[in-house]
Amino acid sequence: MKILLIETATQICSAVLSVDGGVVARRESDTPNAHSTCLSVFVDEVLREGAIKPHELDAVCVSAGPGSYTGLRIGVSTAKGFCYALGIPLLSVPTLLSMAALYYRQHPDYRGLVCPMIDARRMECYTMVVDSNMNILRDTSADVIEAGCFDEWLDRGEVTFIGDGAEKTRDLLGAHPNARYDSSFQLSAEGMLKLAEVKLRDGKIEDVAYFEPFYLKDFVAKKSVVHGLR
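How each quantity is defined
- Position labels on residues start from 1 in each chain and follow its written sequence.
- Local features in this predicted model are restricted to residues whose pLDDT is 70 or higher, and side-chain atom pairs enter the listing and the counts only when it is 80 or higher, whereas totals over whole chains, interfaces and linings include all residues.
- As a convention, hydrogens and water are excluded, and side-chain values are obtained from all of the structure's heavy atoms.
- Lines are fitted to the C-alpha atoms to define the axes, a helix being fitted only along its stretch in contact, and any angle between axes, read from their N-to-C directions, falls within 0 to 180 degrees.
- Every helix listed is a DSSP run of H or I at least four residues long, and every strand listed is a run of E at least two residues long, numbered separately from the N terminus.
- Contacts are assigned to residue pairs that have any heavy atoms within 4.5 Å of one another.
- Polarity classes work like this: nonpolar for Ala, Val, Leu, Ile, Met, Phe, Trp, Tyr, Cys and Pro, charged for Asp, Glu, Lys and Arg, and polar for all others, with Gly in that last group.
- Think of it in three bands: with a 1.4 Å probe and only protein chains considered, a residue is buried below 20% of the maximum accessible area for its type, exposed above 50%, and partly exposed in between.
- If DSSP finds at least two bridges between two strands, the strands pair.
- Confidence of the prediction at every residue is given by pLDDT, a number between 0 and 100.
- Working rule for helices: expected span equals 1.5 Å times residues minus one.
- Polar contact criterion, stated in full: a pair of N or O atoms within 3.5 Å, where within protein one must be able to donate a hydrogen and the other to accept it, and residues adjacent in sequence count only if both atoms are side-chain atoms.
- By nonpolar core we mean a set of buried residues, namely Ala, Val, Leu, Ile, Met, Phe, Trp, Tyr and Cys, connected to one another through side-chain atoms within 4.5 Å.
- In the sections that follow, a salt bridge refers to a side-chain nitrogen of Lys or Arg positioned within 4 Å of a carboxyl oxygen of Asp or Glu.

**Examining the packing of helix α3 (residues 95-106) against helix α6 (residues 193-202)**
Here is step 1: Close contact between α3 and α6 brings their axes to 8 Å; oriented N to C, the two are set at 115°. Contacts from L97, S98, A101 and R105 of α3 reach α6 at L193, K194 and L195.
Here is step 2: Looking at the contact of α3 with α6, its residues break down into four nonpolar, one polar and two charged.

**So, the pairing of strand β1 (residues 2-7)**
Here is step 1: In terms of burial, β1 is a largely internal element, five of the six residues being buried.
Here is step 2: Inspection of the sheet shows β1 paired to strand β2 (residues 13-19) by six bridges, in the antiparallel sense. Each residue of the ladder has a partner; that of L4, found in β2, is L17.
Here is step 3: Between β1 and β2, which pair antiparallel one after the other, the connecting turn spans five residues.
Here is step 4: In this sheet, strand β4 (residues 59-63) lies alongside β1 in parallel orientation, the contact comprising four bridges. The residue bridging I6 from the neighbouring strand is V62, located in β4.

**Focus on the confidence of the model for the protein chain**
Here is step 1: Per-residue confidence for the protein chain gives a mean pLDDT of 92, with 94% of residues at or over 70.
Here is step 2: Contacts for the low-pLDDT stretch residues 219-230, under 50 throughout, to residues beyond four places or in other chains number three contacts.

**Re the sheet that holds strand β6 (residues 113-119)**
Here is step 1: Sheet architecture is open: five strands sit in the order β8-β7-β6-β9-β10, paired in mixed fashion. With partners counted over all chains shown, the strands left at the sheet margins are β8 (136-144) and β10 (179-181), one partner each. In this sheet, neighbouring strand axes are inclined to one another by 20° on average, regardless of whether the strands run parallel or antiparallel.
Here is step 2: With three bridges joining them, strand β9 (residues 159-162) and β10 adopt parallel strand pairing. Bridging across to β10, T160 finds its partner in R180.
Here is step 3: Contacts from α3 reach β6, β7 (124-130), β8 and β9 within the one sheet, and its direction differs from that of β6 by about 130°.
Here is step 4: This element, helix α5 (residues 164-173), spans β6, β7, β9 and β10 of the sheet and lies at about 110° to β6.

**Things to note about helix α2 (residues 69-86)**
Every α-helical turn comprises 3.6 residues, leaving residues that sit three or four positions apart pointing alike.
Here is step 1: Between its first and last C-alpha atoms α2 spans 26 Å; for 18 residues at 1.5 Å apiece the expected length is 26 Å, and the two agree.
Here is step 2: For α2, the full list of buried residues reads G71, L72, G75, V76, T78, A79, K80 and C83.
Here is step 3: Contacts made by the buried residues of α2 are with β1, α1 (35-49), β4 and β5 (90-93).
Here is step 4: Immediately beyond the C-terminal end of α2, within one or two residues, lies G87, with a positive phi of roughly 70°.

**Focus on the environment of Y104**
Here is step 1: Following the sequence through the fold, Y104 ends up in helix α3.
Here is step 2: Y104 gets classed as buried once you look at its relative accessible area, which sits at 9%.
Here is step 3: In this structure Y104 touches Y110, G112, L113, V114, V130, D131, S132 and M134, once residues within four positions along its chain are discounted.
Here is step 4: A distance of 2.6 Å separates the side chain of Y104 from the backbone oxygen of G112, its partner in a polar contact.

**A few points about the nonpolar core**
Here is step 1: Counting residues in hydrophobic clusters, the biggest one holds 24 residues, and the most contacted among them are L4, I6, L17, V43, L57, V60 and V62.
Here is step 2: Mapped by element, the contributors of at least two residues to this core are β1, β2, α1, β4 and α2.
Here is step 3: The element best represented in this core is α1, accounting for six residues.
Here is step 4: Those residues within four positions of V43 in sequence are excluded, and the remaining contacts are L4, I6, A15 and F82.
Here is step 5: L97, Y110, A120 and Y126 belong to the second largest nonpolar core, which has 18 residues in total.

**A short note on the pattern of salt bridges**
Pairs may arise between side chains of opposite charge once their charged atoms sit close together.
Here is step 1: Per the stated rule, a full pass over the model turns up 13 salt bridges.
Here is step 2: Its salt-bridge partner being R180, residue E158 comes within 3.7 Å of it at the nearest N-O pair. With E158 in the loop between α4 (151-154) and β9 and R180 in strand β10, this pair connects stretches of sequence that are 22 residues apart.
Here is step 3: K194 is the partner of E197 in a salt bridge, and the nearest nitrogen-oxygen pair spans 4.0 Å. Of this pair, E197 and K194 both sit in helix α6, three residues apart, which is roughly one turn of the helix.
Here is step 4: A relative accessible area of 6% means that E197 is categorised as buried.
Here is step 5: The exposure class of K194 is partly exposed, given its relative accessible area of 44%.
Here is step 6: Salt bridges sharing partners connect three or more residues here, namely R26, E28, R105 and E190.

Right, here's the structure in full:
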């Protein structure tokens, strides 16, 4: 099973080639606003490194959001282009679920809960709560982070907060004795690997023509601050 995995929902731009459950090639960058210039190059490089021709791919899986509006558009458009041209299935995985899956993949002995958090500006974060069996205990939501807002889960046991939203909320949530933070965690397309394989086996594919990213919040264009523009 050969799947191209694409992650562009945050500042991280990641392309991973998986073959039969393993990672054979990856390219990743955390350079801000570089998705449009990096992604196509990364895809070409991982296919070359893995000695896989585009027509040999079984599917392309893309991180579905929430996250950066522009980043999601770039990732989804690229994935759609490959799937349409090659006539192969398009798969998608929620970004926060992918983050949790990657954390458990990297820490196979951890049995606490994971709360992936993506910075949504100001004191708001996109969040989810997942257990070690990949059950979603609290679905994706946009939350204004306040002291005590995760006590329902923290009172049950250890919760590890990961992602760029976790660091900015550490002072509010870190006082609870069951709160843990992993500042070394970095999002990667690898997190979608197992979830993508299951979806492909189960035939849970997206409509290439109509699939849209999960933005969660509407895109709002900011008023120009350049003198003379309205």
